[in-house]
Every structure is written in C-alpha cells, then in structure tokens.
Amino acid sequence: MTRLSVNLNKVALIRNARGSNLPDLVQVAKDCERFGAEGITVHPRPDERHVTYADIPLLKEVVSTEFNIEGNPNQKFLKMVLENKPHQCTLVPDAPDALTSDAGWDTIKHQDFLKETISELKSAGIRVSIFIDPIKEMIEGAKEVGTDRIEFYTGPYAHDFHKNKDKAIKPYIESADFASELGLGINAGHDLNLENLRFFSSNINNLLEVSIGHALISDALYYGLHNTIQLYLKQIK
Ligand code: PXP
C-alpha cells in the first residue's frame, strides 16, 4: 500500500508572508492527518523561507502518523534531525539557494559522505531515504551506501507526462524493479499531481510512499484540504 505524506512547506510559506501564525502550521498538520494523510513531510531549507527550524519540535510533538524531514544534510540540518528523531529522514542534494529540489544524489561521487551520514542517522533509529534519479548506477550506489529507501525524483516524469506518459514512466518502472531486487524501499516525490499520480502509482511496483506538496496545497485552494487529501488518496489506493 502506498502512503500519502503531505509536504507542508507551502503552508509555511503563506504563514511566513505575514510574520504571524496564520495559517497555523501545527493545526494544519493535525488536520491533514484527521483528513486522511498518512504522513507529514517538511523540508526546512537553509534560508527557512518555508518551514523553519523552530517549527520542527512543535510538529514532532503532534504528528501521529509518520514524520518525514527532508533536506541537504549539512551539520545544522543533521543536528536538528538527530535532536528531533523523525520516523524518516530524506537526504536531498539541493543547493542552499535552490528554488526547489531538481536532481538526485550522485551516489558514487558522494559515497563516503552518504555512508557516514546514513550510518549516523540509522544508529539513532531514524529510517533513511535518499533522493535519486531513476538510473541503474545510482541505485546500485544507493544500495552500497546503506540507505533503507530511495525517493525517486519524479520531476522529469511529471514534465514529460503529457508528451508521452509511457515513455516518461519507463525508467521509473525499470528502476523500481531493480531497487526492489536489491532490497531497497521505494518512495517518490516532486511535481506529482491529480493528473499524473494515478498512472505513476499504478505502474510502479512496491511504491511505499509519495510525498506531495505544491500541487496538493494549490488544489486545496479550490477543493478544500479535506476533499483534496481524499482525492489524492483515491489516486493511490
Ligand atoms: N520530495 C522532495 C525531496 C522535495 O524536495 C519536494 C519539494 O519540497 C517534494 C518531494 C515535493 O514536491 P512537490 O512540492 O512538487 O509536490
């Protein structure tokens, strides 16, 4: 069964625009779970323009499903993750000034760093996932560094979906099967939406989790958060 983890970064972005506590991120996290979300994801970036470091312990206290913290594992990020002990930490190689994550790890070039970081997180009882592109060598590298799961960067799939969806999904199908053979768990995220999610989740074997933020929060402006979460759940069940 694929789980839906709702990424709350865009909710925090709206809150930060006014410097007050509206919308209340903690309340939104609780409501997402009440409306059916099976996980809450946050991605504190170095400039804290979305979720801030101060939000993390408050969210950790209330999230009762699965708490996933994503980010580039610099020293500050790792310290925060180890202090807050989420269920899962997703390592992402995004540059400090990146608009959004736009590529997976080079698991060969960064092998030593990833091995060390993953081992530290796993020793603290935190499940680790690493963000990667659907490339065989990168998946072999992921196995080598000891991660529990991989998260496929689905931006290119979403981008090419309308041109040729079968072609767009092919590398993900092959990579997912290969990752499963190696014993890696499979997550996916980025640019998934109500148009492209069902095709993705119904074609990818053993898809454990999708984390979705931008499109889901945008859809909620029209349909409301409760309906929107239900609509997304329908795509993956
Ligand atoms: N996964 C990772 C690693 C991300 O960085 C993001 C965006 O913060 C997402 C998933 C969710 O992407 P989107 O906001 O496009 O749904």
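Let me sum up the structure you'll find in this document.

Thresholds applied
Residues numbered from 1 in each chain as written. Predicted model: local features only at pLDDT ≥ 70, side-chain atom pairs only at ≥ 80, totals over all residues. Heavy atoms only, no water. Buried < 20%, exposed > 50% of the residue type's maximum accessible area, 1.4 Å probe, protein only. Helix = DSSP H or I, 4+ residues; strand = E, 2+ residues; numbered from the N terminus. Pairing = 2+ DSSP bridges. Right-handed = clockwise from strand over helix to strand, strands pointing away. Axes fitted to C-alpha atoms, helices over the stretch in contact; angles between N-to-C directions. Contact = heavy atoms within 4.5 Å. 1 Å grid on protein atoms, 1.4 Å probe; cavity = no way out; pocket = protein on both sides within 12 Å on 5 of 7 lines; lining within 4 Å. Points joined across faces, edges and corners; volume = space filled by probe spheres on them. Nonpolar A, V, L, I, M, F, W, Y, C, P; charged D, E, K, R; others polar.

### What to know about the pairing of strand β4 (residues 88–91)
Neither face of β4 is exposed, since Q88 and T90 on one face and C89 and L91 on the opposite face are all buried. Across four bridges, strand β3 (residues 67–71) lies against β4 in parallel orientation. Its bridge partner lying in β4, E70 is registered against T90. After leaving β3, the chain enters helix α4 (residues 75–84) and then returns to the sheet as β4, a path that is right-handed. As judged from the four bridges shared by β4 and strand β5 (residues 127–132), these two strands associate in the parallel manner.

### As for the sheet that holds β5
Working definition: the strands of a sheet are paired by backbone hydrogen bonds and lie parallel or antiparallel to each other. In space, the eight strands of this closed barrel follow the order β1-β2-β3-β4-β5-β6-β7-β8, with parallel pairing throughout. When the angles between neighbouring strand axes are averaged without regard to direction, this sheet yields 25°. Taken strand by strand, helix α8 (residues 165–181) contacts β6 (149–153) and β7 (185–189), and its axis lies near 175° from that of β6.

### Section: the layout of surface pockets
Empty space within the largest pocket amounts to approximately 420 Å³. Lining the largest pocket we find 25 residues, and of these N7, T100, H190, G213 and H214 sit closest to its centre. Mapped by element, the contributors of at least two residues to the lining of the largest pocket are α1 (9–16), β8 (207–212) and α10 (214–223). Residue classes in the lining of the largest pocket are distributed as six nonpolar, 13 polar and six charged. Approximately 160 Å³ is the volume attributed to the second largest pocket. Taken together, V11, I14, P23, V28, I217, A220, L221, G224 and L225 make up the full set of residues lining the second largest pocket. Taken together, the elements giving at least two residues each to the lining of the second largest pocket come down to α1 and α10. When the residues that make up the lining of the second largest pocket are grouped by side-chain class, the tally is eight nonpolar, one polar and no charged.

So yeah, pure geometry; function would need other evidence.
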